[in-house]
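Chains, contacts and geometry: an overview
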Number of protein chains: 2
Amino acid sequence: MATENAALVGFAQHDHAACIKRALAGAEARCATEGFRLTPARRKVLELLVQSHRALGAYAILDRLRDTGFGSQPPVAYRALNFLVKHGFAHKIERLNAFVACAHPGISHAPAFMICRICNAVAEAQSAPAEGGLGATARAAGFRIEKTVVEAEGLCPACLEQARG
Amino acid sequence: MATENAALVGFAQHDHAACIKRALAGAEARCATEGFRLTPARRKVLELLVQSHRALGAYAILDRLRDTGFGSQPPVAYRALNFLVKHGFAHKIERLNAFVACAHPGISHAPAFMICRICNAVAEAQSAPAEGGLGATARAAGFRIEKTVVEAEGLCPACLEQARG
DNA sequence: ACCTCACTTGTCATGTGATTTCATATCAGA
DNA sequence: TCTGATATGAAATCACATGACAAGTGAGGT
Ligand SMILES: [Zn+2]
Ligand SMILES: [Zn+2]
Ligand SMILES: [Zn+2]
Ligand SMILES: [Zn+2]
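Here we summarise the structure given alongside this text. The written sequence of each chain sets the order in which its residues are numbered from 1. The order in which chains are written sets their letters, starting at A; the order in which ligands are written sets their numbers, starting at 1. Reporting of local features is limited, given that this is a predicted model, to residues whose pLDDT is at least 70; pairs of side-chain atoms are given and counted only at 80 or more, and all residues count toward the totals for whole chains, interfaces and linings. To get the side-chain values, take all heavy atoms of the structure and skip hydrogens and water.

**Quick notes on the overall build of chain A**
Helix and strand counts for chain A stand at six helices and five strands. In this description a helix means any DSSP run of H or I spanning at least four residues, a strand means any run of E spanning at least two, and both kinds are numbered starting from the N terminus. When the helices and strands of chain A are placed in sequence order, the string is α-α-α-α-β-β-β-β-α-β-α. The reference for a compact globule is 2.2 Å times residues^0.38; the radius of gyration itself is calculated from the C-alpha atoms. Its C-alpha atoms give chain A a radius of gyration of 17 Å, near enough to 15 Å, the size a compact globule of 165 residues would have. Taking all 165 residues of chain A together, 45% fall into the buried category. Remark: exposure states derive from per-residue accessible area (1.4 Å probe, protein chains only) relative to the maximum for the residue type, with buried under 20%, exposed over 50%, and partly exposed in between.

**Some thoughts on the interface of chain A and chain B**
The interface is formed by 31 residues belonging to chain A together with 31 residues belonging to chain B. When two parts are brought into contact, each loses some accessible area as probed by a 1.4 Å sphere; the total of that loss over both is the buried area. When the two sides are added together, the surface that chain A and chain B hide from each other amounts to roughly 2,800 Å², 60% of it contributed by carbon and sulfur. For this analysis, a salt bridge means a side-chain nitrogen from Lys or Arg found within 4 Å of a carboxyl oxygen belonging to Asp or Glu. Remark: the boundary between chain A and chain B carries four salt bridges. With a closest N to O distance of 3.8 Å, Arg-95 of chain A and Glu-94 of chain B form a salt bridge. Any two residues having at least one pair of non-hydrogen atoms within 4.5 Å are treated as being in contact.

**Observations regarding the packing of aromatic side chains**
All names here are of chain B. Aromatic pairs are defined between Phe, Tyr and Trp rings, using the six-membered ring for Trp, whenever the two ring centres lie within 6.5 Å; interplanar angles under 30 degrees are classed as stacked, those over 60 as edge-to-face, and all others as tilted. With the rule as written, the count across this model stands at eight aromatic pairs over all chains. Ring geometry for Phe-36 versus Phe-83: centroids 6.4 Å apart, planes at 90°, classification edge-to-face. Taken together, the positions of Phe-36 in the loop between α1 (16–34) and α2 (40–52) and Phe-83 in helix α4 (residues 74–86) put the pair 47 residues apart, joining distant regions of the chain. A relative accessible area of 23% places Phe-36 in the partly exposed class.

**Here we look at the coordination of the zinc ion (ligand 3)**
Residue and element names in this part refer to chain B. Each metal's donors are the N, O and S atoms found within 2.8 Å of it, except that Na, K and Ca use a 3.2 Å limit; water is left out, so coordination can look incomplete. The coordination sphere of the zinc ion (ligand 3), as far as protein atoms go, consists of His-14 (NE2), His-16 (ND1), Cys-19 (SG) and His-53 (NE2), spread over 1.8 to 2.3 Å. Motif for the zinc ion (ligand 3), donor spacing along one chain: H-x1-H-x2-C-x33-H. A relative accessible area of 24% places His-14 in the partly exposed class. Under the relative-accessibility criterion, Cys-19 is labelled buried at 11%.

**Quick word on the coordination of the zinc ion (ligand 4)**
Octahedral metals with six donors have ideal donor angles of 90 or 180 degrees. Tetrahedral metals with four donors have an ideal donor angle of 109.5 degrees. Residues and elements named next belong to chain B. Within the protein, the zinc ion (ligand 4) binds to Cys-116 (SG), Cys-119 (SG), Cys-156 (SG) and Cys-159 (SG); these donor distances fall in the range 2.2 to 2.3 Å. Under the classification used here, a metal with four donors is tetrahedral if each angle lies between 85 and 135 degrees, square planar if opposite donors are over 155 degrees apart and the others between 65 and 115, a six-donor metal meeting that same test is octahedral, and anything else is irregular. One can describe the site at the zinc ion (ligand 4) as tetrahedral: its four donor atoms subtend angles covering 108 to 111° at the metal. Of note, the zinc ion (ligand 4) draws all its donor residues from one chain, in the sequence arrangement C-x2-C-x36-C-x2-C. Of this pair, Cys-119 sits in the loop between β3 (111–116) and β4 (122–126) while Cys-159 sits in helix α6 (residues 157–164), and the two are 40 residues apart along the sequence. For Cys-159, a relative accessible area of 13% gives the class buried.

**Quick word on the protein's contact with DNA strand D**
Whether a residue is near a molecule or strand depends on its heavy atoms: it is near if one of them lies within 4 Å of it. Looking at DNA strand D, there are 14 residues lining it, with Thr-39 and Arg-79 of chain A together with Tyr-59, Tyr-78 and Lys-92 of chain B nearest. For DNA strand D, the backbone portion of the atoms within 4 Å of the protein, that is sugar and phosphate, comes to 43%. Here a polar contact means two N or O atoms within 3.5 Å. Within protein one must be a hydrogen donor candidate and the other an acceptor candidate, and residues neighboring in sequence count only if both atoms are side-chain atoms. Between DNA strand D and Lys-92 of chain B there is a distance of 2.6 Å, counted from a phosphate oxygen to a side-chain nitrogen or oxygen. Counting residues per element, the surface near DNA strand D draws most heavily on α4 of chain B, at four residues.

**A few points about the protein's contact with DNA strand C**
In the vicinity of DNA strand C lie 13 residues, with Tyr-59, Tyr-78 and Lys-92 of chain A together with Thr-39 and Arg-79 of chain B positioned nearest. Take the atoms of DNA strand C that sit within 4 Å of the protein: sugar and phosphate atoms are 46% of them. With respect to DNA strand C, the side chain of Tyr-59 of chain A contributes an N or O atom lying 2.7 Å from a base nitrogen. Of all the elements in the fold, those that place two or more residues in the surface near DNA strand C are α4 (74–86) of chain A together with α4 of chain B. If one sorts the elements of the surface near DNA strand C by residue count, α4 of chain A sits on top with three residues. As a working rule, the residues Ala, Val, Leu, Ile, Met, Phe, Trp, Tyr, Cys and Pro are called nonpolar, Asp, Glu, Lys and Arg charged, and the rest polar, with Gly in that last group. Here the residues of the surface near DNA strand C sort into five nonpolar, three polar and five charged.

**Brief notes about helix α3 (residues 58–67) of chain A**
All names here are of chain A. When α3 is considered as a whole, its buried residues turn out to be Ala-58, Ala-60, Ile-61, Leu-62 and Leu-65. The inward-facing, buried residues of α3 abut α2 (40–52), α4 and β2 (98–101). Backbone geometry just after α3 places Gly-69 at a positive phi near 95°.

**Considering the relation of the copies chain A and chain B**
The fit set for superposing copies consists of C-alpha atoms from residues with pLDDT of at least 70 in both; the fit itself is least squares. Least-squares fitting of chain A to chain B yields an RMSD of 0.1 Å, with the superposition described by an axial translation of 0.0 Å and a rotation of 180°. In the structure described here, the two chain copies are related by an operation that fits a two-fold rotation axis. Considering only C-alpha atoms, the residue of chain A closest to the rotation axis is Val-150 of chain A, which sits at 2.3 Å. When the interface residues of chain A are mapped onto chain B, 100% of them are again interface residues, pointing to one common binding face.

**Overview of the environment of Phe-11 of chain B**
Tracing the backbone shows Phe-11 of chain B in the segment before α1. For the pair Phe-11 of chain B and Ala-121 of chain B, spaced 110 residues apart in sequence, the C-alpha separation works out to 7.4 Å. For Phe-11 of chain B, the residues in contact, after removing those within four places along its chain, are Ala-141 and Phe-143 of chain A together with Met-114, Ala-121, Val-122, Ala-123, Cys-156 and Pro-157 of chain B.

**Some details on the pairing of strand β5 (residues 144–155) of chain B**
In this structure, strand β5 (residues 144–155) of chain A lies alongside β5 of chain B, joined through 11 bridges in antiparallel fashion. Within the sheet, the bridge partner assigned to Gly-154 of chain A lies in β5 of chain B and is Ile-145 of chain B. Being paired, for any two strands, means DSSP has found at least two bridges between them.

Below is the structure:
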């Protein structure tokens, strides 16, 4: 498991402290207006995700929760993660069996991810696969698409640089 | 886990016996010309995948292998599956942690999948996500895409019909 | 025919990811 | 204050995947 080091969104440096604060404040606000309950455990998990800006496995999150005084059984992490995913504050990366904070919370969107196979950094982009050839194929086949997972694996700028030597 | 019943490719009925025979013959031929070793276990796993025409988990395959006299430890199934995936005879469905036989073996292609959330039927279509907006985003971000996973979840024609009542 | 090296297989053990279950606690609204 | 819905705590279990090592098999060189 890659340890978190650099702060990045979309592989670019940024004011991460402000980034975290903004994300949490935004989540608080949206939960308040929409009537969701952003409990301490859920808030802490979101904070962990935003803070690392990487895909974190449920058990990695669980370890960090334990260190912070929360429960230490798997459901603690999974329940919080399910809440965050369900309401669009986080996404699951199927390819890694791991989770990332959403980069565009609040806005309805079909995310696509770029995942570095070396350092596990994840950037979120927009996708519209159902509008391309896949959508046409699905209509032709009589298949109704409800959700689409798009995950590109490759090398992030930093690891690409590293690889060149 | 959905039990296999209907024979389908791309959700359509077809001559499944011929379909299986053709797939295995094709695999034999390609292994012969390219120097791969399609051993009994590998062949059997491919046969199971083609036969079910659905996503099968490694342990489901393992059960069937055991019943047929092969080894019964997980690595038996995983090794065969890894071989098949590596050489393009099968694909892994990340969303389901399961495997399907490739619908277009031999031809180099970027697969996209349509997965029925009710019956687990899987149809394989072509995709080219790296040529659309995602490709542009990746280039702009300096990310080098090596492989892309595209998996659409929804309702297959049969289950859609069922759902209408 | 024999050796050798690369690859394949069998098996046990372990690691990693996710859910079920049931009891208890908390909160919002009647 | 009562009540039903939602959230937590905790134990157990299930599901998916790999590591490690010994033993077997096959093709190519001598
Ligand atoms: Zn940030
Ligand atoms: Zn990287
Ligand atoms: Zn078929
Ligand atoms: Zn279906």
